[in-house]
Amino acid sequence: MSTDNRVLVLCATGKVGKNVCIALKEKGFDVYGTTRNAKNNLEAKGIKPVVCNYIDKTSLTQALTSTGIKQVFMITDYFLAAKSKKALEIEQGKMIVDCCKECGVTFVIYSSAGDLESFNDKVHHIKGKIDVENYLKASGLRFGIVRPVAFFENLDDPANWNPLKKGSVKFLTECKVSMCATIDIGKAAAVMFQNQEEWNGKTVDVASWKVGIVDIYDIMIMIILLSTFIYSFIYEYHYFEIYIYRAIFMSWLQLGKR
Ligand SMILES: NC(=O)c1ccc[n+]([C@@H]2O[C@H](COP(=O)([O-])OP(=O)(O)OC[C@H]3O[C@@H](n4cnc5c(N)ncnc54)[C@H](OP(=O)(O)O)[C@@H]3O)[C@@H](O)[C@H]2O)c1
């Protein structure tokens, strides 16, 4: 690792960015994060905010030159920043790579997506990342790529389409899929930044668990039962029955939906 342990994380307020910042911080990095919003809560998490619109080359150049940071964790946001347009995400990704190169960045980690090649071309929302990966590989920059699979955070994502409600859990499919926590993307990134010689030019998949929605439901019920049990001992014993009945009722409701 370079003696300068500062890292600039793009999209630091998003699901991936925020947790990558936290994981890097826990591993001793001095973490800076970009956001367009001057009113952000990054400082409260020990992250130094850099007000920047990462899809604007002038703004990103200003962020890199004013801080002098040489290690970048790069995210391209398909849904919001690229307006759900594959071509725009590719264009923005290429611009970031060019900008890093021009500003003398010494190591870039790109947050791509897992199993990209196995999806057909109708899956626009992640396919553009292949072109960004290839552009980065050909750029001459020193780099690593992390390829996270579906996020556990999607299970509770009210900003998009899926709030986690009491007694119910839903997902796009009932098939078993590989999933990961976004904090694990940051843990992988920390290993790469700390061992740049070893990881230069390499790609790592980030996956924690191959799981179906029914398995997730079962785990949640286990947690409810266990926490109820512990709660009943810590506080008032007679609450135990009420909570058990509530948990059994919720289980019954869910079993009906299987
Ligand atoms: N969900 C999954 O299962 C999954 C799996 C693998 C890969 N991915 C990929 O992960 C990437 C990041 O996802 P995420 O869930 O972390 O995103 P997110 O939580 O929606 O965060 C979006 C980030 O983009 C910034 N942003 C939003 N609109 C913008 C705009 N118009 N111009 C510039 N910046 C803008 C926001 O920053 P400010 O508003 O603070 O500026 C925010 O930090 C996506 O490209 C997705 O394809 C997702």
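In the block above lies the structure referred to throughout.
Residues numbered from 1 in each chain as written. Predicted model: local features only at pLDDT ≥ 70, side-chain atom pairs only at ≥ 80, totals over all residues.

Draft legend 1. Broad picture of the nonpolar core. The biggest cluster of nonpolar side chains holds 53 residues, and the ones touching the most others in it are V7, V108, I109 and A189. Top contributing element to this core by residue count: helix α5 (residues 182-194), with six residues. Every residue in contact with I109, bar those within four places of it in the chain, is listed here: F73, M74, F143, G144, V146, A189, M192 and F193. (Core = buried A, V, L, I, M, F, W, Y, C linked by C-beta atoms within 7 Å. Buried ≥ 20, exposed ≤ 12 C-beta atoms within 10 Å, placed from the backbone. Helix = DSSP H or I, 4+ residues; strand = E, 2+ residues; numbered from the N terminus. Contact = placed C-beta atoms within 7 Å.)

Draft legend 2. How the structure looks around the pairing of strand β4 (residues 71-75). For β4, the tally of buried residues reaches five of five residues, placing the bulk of the element in the interior. In β4, alternate side chains face the same way, and those of Q71, F73 and I75 on one face and V72 and M74 on the other are all buried. Here five bridges tie β4 to strand β5 (residues 107-111), and the two strands are oriented parallel to one another. Counted as the bridge partner of M74 is Y110 from β5. On the question of chirality, the crossover connecting β4 to the parallel β5 by way of helix α3 (residues 86-102) is right-handed. (Pairing = 2+ DSSP bridges. Right-handed = clockwise from strand over helix to strand, strands pointing away.)

Draft legend 3. The arrangement of the environment of V169 in detail. Inspection of the secondary structure puts V169 in the loop between β7 (150-151) and β8 (177-180). A residue is classified by how many C-beta atoms lie within 10 Å of it, and V169, with 18 of them, is partly exposed. For the pair V169 and L155, spaced 14 residues apart in sequence, the C-alpha separation works out to 7.0 Å. Non-local contacts of V169, meaning those with residues more than four positions away in its chain, are made with L155, L164, I213, I216, Y217 and M220.

Draft legend 4. Expanded view of helix α1 (residues 15-26). Taking 1.5 Å of rise per residue, twelve residues should cover 16 Å, and α1 covers 17 Å from first to last C-alpha, within 8% of that figure. Buried within α1 are the following residues: V16, G17, K18, N19, V20, C21, A23 and L24. In the core, the buried residues of α1 are packed alongside β1 (6-9), β2 (30-35), β4, β5 and α5. Downstream of α1 by a residue or two, G28 has a phi angle that is positive, lying close to 95°. (Expected span 1.5 Å × (residues − 1).)

Keep in mind these numbers describe shape, not what the thing actually does.
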